[in-house]
Amino acid sequence: MIIWVDGDSCPRPVREILCRAARRERVELVFVANRTLPVQTRDSIRQIITSAESGSADNYILSHAVKQDLVITRDIPLAAQLVERNIPVLNDRGKVYTKENVRERLAERDFNLMLKDAGLEEERSRNFGPKETKAFANAFDRTLQQMLLEERFSKSRNSPDG
């Protein structure tokens, strides 16, 4: 299992939660971004720097993530593509994307972009504070523990002793 992080817009508190969990659970954590992130790469934590081309980090994640991995991103089009491939996806506010809800989120995003282009978008606060950090931490921990449990169960069923 690898936890892939779309690092271009990942808030610092989320990066810290992810790094602590990766060290604690001994899970590989990979930040993918088109610039260097302030993350200590050690143990199983690493960083992939992609080109400055738009979407390069997304494309890297799309070409490397597999079904047993977990992806953290706020990019809804990326999330939609990953979910279609049965890859679990969380955003940085704790929203778990599913096949049922990602299409709705994509339509909502497209509608908001249309409003913005027409100059009709309401001003919205995009603050990331303790409430959002807690929501992410809770959702991430639930998802990670479930995936680790499934991974252990799968390994025990496939072992010669199982």
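The rules we used
- Residues numbered from 1 in each chain as written.
- Predicted model: local features only at pLDDT ≥ 70, side-chain atom pairs only at ≥ 80, totals over all residues.
- Heavy atoms only, no water.
- Pairing = 2+ DSSP bridges.
- Helix = DSSP H or I, 4+ residues; strand = E, 2+ residues; numbered from the N terminus.
- Contact = heavy atoms within 4.5 Å.
- Axes fitted to C-alpha atoms, helices over the stretch in contact; angles between N-to-C directions.
- Parallel < 35°, antiparallel > 145°, perpendicular 65-115°, else oblique.
- Left-handed = near helix turned anticlockwise from the far one by under 90°.
- Nonpolar A, V, L, I, M, F, W, Y, C, P; charged D, E, K, R; others polar.

Structural notes on the sheet that holds strand E1 (residues 2–6)
Judged by pairing direction, the sheet is mixed, and its six strands sit side by side in the order E3-E2-E1-E4-E5-E6 without closing on themselves. Where the open sheet ends on each side, the last strands, each with one partner, are strand E3 (45–49) and strand E6 (96–97). Pairing analysis gives two bridges linking strand E4 (residues 70–72) to strand E5 (residues 89–90), with the strands arranged parallel. Looking at the pairing, Val71 lines up with Val89 of E5. Against the sheet, helix H5 (residues 130–158) engages E1, E4, E5 and E6, with an angle of about 165° to E4.

Things to note about the packing of helix H1 (residues 12–25) against H5
Each pair of packed helices gets described by two things: the angle between the helix axes and the distance between those axes. It is the contact of H1 with H5, at a shortest axis distance of 11 Å, that shows an interaxial angle of 25°. One finds that H1 runs roughly parallel with respect to H5. When you trace H1 past H5, the crossing you get is right-handed. Between H1 and H5, the residues in contact are Pro13, Val14, Ile17, Leu18, Ala21, Arg24 and Glu25 and Thr133, Phe136, Ala137, Phe140, Asp141, Leu144, Gln145, Leu148 and Arg152, respectively. Taken together, the residues of the contact of H1 with H5 break down into ten nonpolar, two polar and four charged.

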